[in-house]
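# Residue-level structural notes
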Amino acid sequence: MTGNIKSVGVVGAGQMGCGIAQVCTVAGYDVRLVDVSAEAAASGKAKVAEALESAVEAGRIDKSGAAEAAARILPVGSLADLAECDLVIEAASESEEVKRSIFAKLCPVLKPEAILASNTSSISITRLASATDRPERFMGIHFMNPVPRMKLVELVRGIATEDVTFEASKGFVRSLGKKITVSEDFPAFIVNRILLPMINEAIYTLYEGVGSVEAIDTAMKLGANHPMGPLELADFIGLDTCLAIMQVLHDGLADTKYRPCPLLVKYVEAGWLGKKSGRGFYDYRGETPVPTR
């Protein structure tokens, strides 16, 4: 733990929120996990407990440490239950409207000195901060997916973020055993500014018939030494998230090179969002993933 931050609230018990809750509790923080319902939050805690059990089996944590970490997570049913948290990290879906709605309900219940952060992967921190009552105590703390495995966290200051908030956030991230990279507040920051156009170009390569799903992923894994092919990675991230980030880049930078591929749009419209929905560029409903094109 670090400085004045001892308790952490996490808004959103999806893949990212659960991962953030896991690394925080393993580092010794008391965590309150909230979602749209108490049941969803409880389900999130169960997922974290399961992940901790897997970490025990893999030898990354001992059994007593995992049990203690799981016990430090309290699933709650209301944003009001985060009132005593020193730091609250919003990890909801990549929609500015959704995030602003959360902040509108959350800010009135937070103590004045609490730091508020967003795990957004692309949206302006300055703009999100302006929708709160504490822009000087607002940060972008962007974890990579999957959070427990990925070593990097991007820190992004808004125009109003005070030095004390930035320093506290740096200390917090380091206490989790993560490496920090600092990005200026431009659309999609550093990682996704580079990664998502590459994924979008891979989808264009598929769309234009240059190669099949399998050919494209194999080419990048063996030809560029990437651990995952770009289409497999898109399915892992979620095609809806990929599209949302490309739209932020396209709208924010007004450059045609960021135009989302029509095939990406079509898959999202079909509800083929990748691994989480069972189908994307691969079909995950059988024993082994099968390319859908």
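Residues numbered from 1 in each chain as written. Predicted model: local features only at pLDDT ≥ 70, side-chain atom pairs only at ≥ 80, totals over all residues. Heavy atoms only, no water.

Here is the key point about a regular strand: its side chains alternate between the two faces of the sheet. Residue alternation in strand β5 (residues 115–118) divides its side chains into two sets, Ile115 and Ala117 and Leu116 and Ser118, and both sets are buried. Here strand β4 (residues 87–90) runs beside β5; their pairing, made up of four bridges, is parallel. Pairing of valine 88 across the sheet is with leucine 116, part of β5. In this fold, β4 hands off to helix α4 (residues 96–106), which returns the chain to β5; that crossover is right-handed. One ladder, built from three bridges, connects β5 with strand β6 (residues 138–143); its direction is parallel. What sits directly across from alanine 117, in β6, is methionine 139. (Buried < 20%, exposed > 50% of the residue type's maximum accessible area, 1.4 Å probe, protein only. Helix = DSSP H or I, 4+ residues; strand = E, 2+ residues; numbered from the N terminus. Pairing = 2+ DSSP bridges. Right-handed = clockwise from strand over helix to strand, strands pointing away.)

Let's shift gears to the UniProt feature "binding site: NAD(+)" (unreviewed entry) in the protein. On the UniProt side, "binding site: NAD(+)" (unreviewed entry) is annotated at positions that read Gly12, Ala13, Gly14, Gln15, Met16, Gly17, Asp35, Glu94, Lys99, Ser121, Asn145 and Lys276 here. Structurally, glycine 14 can be placed in the loop between β1 (7–11) and α1 (15–26). You can see serine 121 is positioned in the loop between β5 and α5 (125–129). With near-sequence residues (within four places) excluded, serine 121 lies in contact with Glu94, His142, Ala188, Phe189, Asn192 and Ile245. (UniProt positions renumbered as here; feature names shortened; annotations may be inferred. Contact = heavy atoms within 4.5 Å.)

Here we take up the domain arrangement of the protein. Under the domain assignment, the protein is made up of domain 1 (7–184) and domain 2 (192–291). Spacing between the C-alpha centres of domain 1 and domain 2 amounts to 27 Å. Counting residues at the interface gives eight residues for domain 1, matched by five residues for domain 2. For the pair domain 1 and domain 2, the summed buried area comes to about 550 Å², and 59% of that belongs to carbon and sulfur atoms. Put simply, domain 1 and domain 2 have zero salt bridges between them. Connecting domain 1 to domain 2 are one residue pair in polar contact (both at pLDDT 80 or more). Per-class residue counts for the side of domain 1 that touches domain 2 are two nonpolar, five polar and one charged. (Domains from an automatic or database assignment. Buried area = accessible area lost by both parts, 1.4 Å probe. Salt bridge = Lys/Arg side-chain N within 4 Å of Asp/Glu carboxyl O. Polar contact = N/O pair within 3.5 Å; in protein donor to acceptor, adjacent residues only side chain to side chain. Nonpolar A, V, L, I, M, F, W, Y, C, P; charged D, E, K, R; others polar.)

On to α1, then. Across its 12 residues, α1 extends 17 Å between first and last C-alpha, which sits within 8% of the 16 Å expected from 1.5 Å per residue. Burial analysis of α1 places 10 of its 12 residues in the buried class, the great majority of the element. Taken as a whole, α1 has its buried residues at Met16, Gly17, Cys18, Gly19, Ile20, Ala21, Gln22, Val23, Cys24 and Thr25. Where α1 ends, the next residue or the one after it, glycine 28, has phi of about 105 degrees, a positive value. (Expected span 1.5 Å × (residues − 1).)

With numbering matched to this structure, UniProt assigns "site: Important for catalytic activity" (unreviewed entry) to His142. Positionally, histidine 142 belongs in strand β6.

With mixed pairing, eight strands are arranged side by side in an open sheet as β3-β2-β1-β4-β5-β6-β7-β8. The sheet terminates laterally at β3 (73–76) and β8 (179–183), the two strands that pair on one side only. Averaged over all pairs of adjacent strands, the angle between strand axes in this sheet comes to 25 degrees, irrespective of strand direction. Lying on the sheet, helix α2 (residues 38–57) is in contact with β2 (30–34) and β3; it crosses β3 at an angle near 155 degrees. (Axes fitted to C-alpha atoms, helices over the stretch in contact; angles between N-to-C directions.)

Counted by the stated rule, this structure contains 11 salt bridges. Linking aspartate 86 and lysine 111 is a salt bridge whose minimum nitrogen-to-oxygen distance equals 2.6 Å. Here aspartate 86, found in the loop between β3 and β4, pairs with lysine 111, found in the loop between α4 and β5; they are 25 residues apart in sequence, far enough to count as distant. By relative accessible area, lysine 111 is classed as buried at 19%. For the salt bridge of arginine 127 with glutamate 96, the shortest nitrogen-to-oxygen distance reads 2.8 Å. Placement of arginine 127 in helix α5 and of glutamate 96 in helix α4 is noted, with a sequence separation of 31 residues between them. Three or more residues are tied together by salt bridges with common partners; here these are Glu90, Glu94 and Lys99.

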